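# Geometric and topological summary
Residue-level listing of the chains:
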Amino acid sequence: MSVGSQPSETEGIGNADETVVITHEDVDRAHDRVRVSAARARRGFFSNARLLWLLVGPGVLVMLGENDGPSMLSYAATGAKFGVGFFIPFVMLTFCMAIVVQEMTVRLGAATHRGHAELIFDRFGPFWGWFSMIDLAIGNFLTLITEFIAIRAGLGFFGVPPWLAVLIALVILYAALMSHRYWTWERITLAAAAFNLVFIPVALMTHPNWHGVGHSLITWHPLPGFNKDTLLIILADIGATVTPWMLFFQQSATVDKGLTTKDIRFGRIDTVLGAALATAAAVATILATAPLFAHQMTADNFQAAEFAQALQPLIGRFGASLFALGMVEAGIVASITISTSSAYAFGEVTHKPHSLNLPIGQGKSFYSVLTLCAVAAAAIVLIPGLPLVYVVLLVNVVAVLAMPPALVFLFMLVNDKEIMADLVSPLWANILAAGVVLVLVLAGVLFGVSVIAPNIFAVLGGK
């Protein structure tokens, strides 16, 4: 039973001295575990495939969910500004970093059966618990705003007015919640997330220079003329792949799904599979907009409609429409997963019920936080004159700057023998995690230097 759960009509079981309360979410989760146990008891390829199908979810969702509106817009801007050279291998590297980080959340969730915010609260005290909660809430809210920017811009390509665009997104988000069942919510969201792969056929329509792609992978080297604009794109692409909300979401989803230590292997497969799919979509987005660079077209705008319109002369109306719809999907799926991560964290630190298996009556605070975050973000996007481009850029940079402290908490938790026992991180995993922290800290320091001394790159030989 998760912390903060409330009893439903199901009853207390036990004697006068000790009562065990069975909740609605416990019953639903137990039903899911029966199917997992039945699949695990059988042998053979099809049984293993069914077991993977039953256990897959949080990893794919977190990776494709991180291919959100600002992320895909960042990749689109990358292709338009730099083509297929340095950034295709770089984006692949960032997803490898994401795998290292997210694997730790799988082990934490399966070993402790507690969410990330709850563990920080319990292990480091109320101050750090509320600090992580507030930090996550601010970052998530800013990111939610950018998701609705992407939705508004993507549907704007088809002439949909802004108010109707955000209303459509809110209706889809609400509809996904109405099952009051984690399994159903997960499958609906996974189906929507799969549409992120629409960028692959769009990329193929542009007839990519595969020789150039292969050459960039084999002879990867730093960009010439490193400057502030290049740093901004690098930071945006890192922030498009590794962000704090991912830690909170995947660990809480692992708990809500009911994964145990026996399922960690499949949780890793789930994470790697999600990263592979997300990498394919990200690279495809760079390839899709690379012709804008090759044809010296201007697309220095981080809004989906402008990229789709710029591509239309090259790939036609159908291809441009797919690109715009891909941006809409990215915003909708991320708005669902990010608002859910905020609701999970709120429930964990306040010890309120926090599960997608809960009916609305028992999970009022959980569903209220989730809905209010999304509605407030959608409303802000409708403010006349809001600098949409600046907000999108700012959010990805903020995500990079906020990640090192979040990783320090994760690093300490996953090496805490009292809660992890034999599942503490091995030395090689700690070395990789330390490398990720070092890269993110270095990126943050470089950005800080560029703000304080904007001419530093010119002094060092940049353009």
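Above this note sits the structure.
Below is a summary of the structure that appears in this document. (Residues numbered from 1 in each chain as written. Predicted model: local features only at pLDDT ≥ 70, side-chain atom pairs only at ≥ 80, totals over all residues. Heavy atoms only, no water.)

## Thoughts on the pattern of salt bridges
Oppositely charged side chains can form a pair if their charged atoms are brought close together. Counted under the stated rule, the structure contains seven salt bridges. Across the salt bridge formed by Glu103 and Arg268, the nearest N and O atoms sit 2.8 Å from each other. Residue Glu103 is found in helix α5 (residues 87-112), and its partner Arg268 is found in helix α14 (residues 264-294); the two are separated by 165 residues along the sequence. A residue is classified by how much of its surface remains accessible, and Glu103, at 13% relative accessible area, is buried. For Arg268, a relative accessible area of 38% puts it in the partly exposed group. A salt bridge links Glu186 to Arg187, with the nearest nitrogen and oxygen atoms 2.5 Å apart. When salt bridges that share partners are traced, they join Glu103, Arg107 and Arg268 into one network. (Salt bridge = Lys/Arg side-chain N within 4 Å of Asp/Glu carboxyl O. Helix = DSSP H or I, 4+ residues; strand = E, 2+ residues; numbered from the N terminus. Buried < 20%, exposed > 50% of the residue type's maximum accessible area, 1.4 Å probe, protein only.)

## Focus on the packing of aromatic side chains
Summed over the entire model, instances satisfying the criterion amount to 14 aromatic pairs. For the ring pair Phe86 and Phe90, a centre distance of 5.4 Å and an interplane angle of 20 degrees mean the geometry is stacked. Across the pair, exposure class does not vary: Phe86 and Phe90 are buried alike. Grouping aromatic residues by their ring pairs yields a cluster made of Phe124, Phe127, Trp128, Phe131 and Phe409. (Phe/Tyr/Trp six-rings, centres within 6.5 Å; stacked < 30°, edge-to-face > 60°.)

## Things to note about empty space enclosed by the protein
Taken as a whole and assessed by the stated rule, the structure comprises four cavities of 30 Å³ or more. The space that makes up the largest cavity amounts to roughly 170 Å³. Taken together, 17 residues form the lining of the largest cavity, with Gly139, Thr143, Thr243, Pro244 and Ala399 sitting closest to its centre. Elements supplying a minimum of two residues to the lining of the largest cavity: α7 (126-156), α13 (244-257) and α17 (388-414). (1 Å grid on protein atoms, 1.4 Å probe; cavity = no way out; pocket = protein on both sides within 12 Å on 5 of 7 lines; lining within 4 Å. Points joined across faces, edges and corners; volume = space filled by probe spheres on them.)

## Focus on the layout of surface pockets
Empty space within the largest pocket amounts to approximately 240 Å³. In terms of lining, the largest pocket is formed by 13 residues, of which the most central are Phe90, Ile234, Ile238, Val439 and Leu442. Contributing elements (two or more residues each) for the lining of the largest pocket: α5, α12 (228-239) and α19 (427-452). Ranked by residues supplied to the lining of the largest pocket, first place goes to α19 with four residues. Here the lining of the largest pocket is composed, by residue class, of 13 nonpolar, no polar and no charged. (Nonpolar A, V, L, I, M, F, W, Y, C, P; charged D, E, K, R; others polar.)

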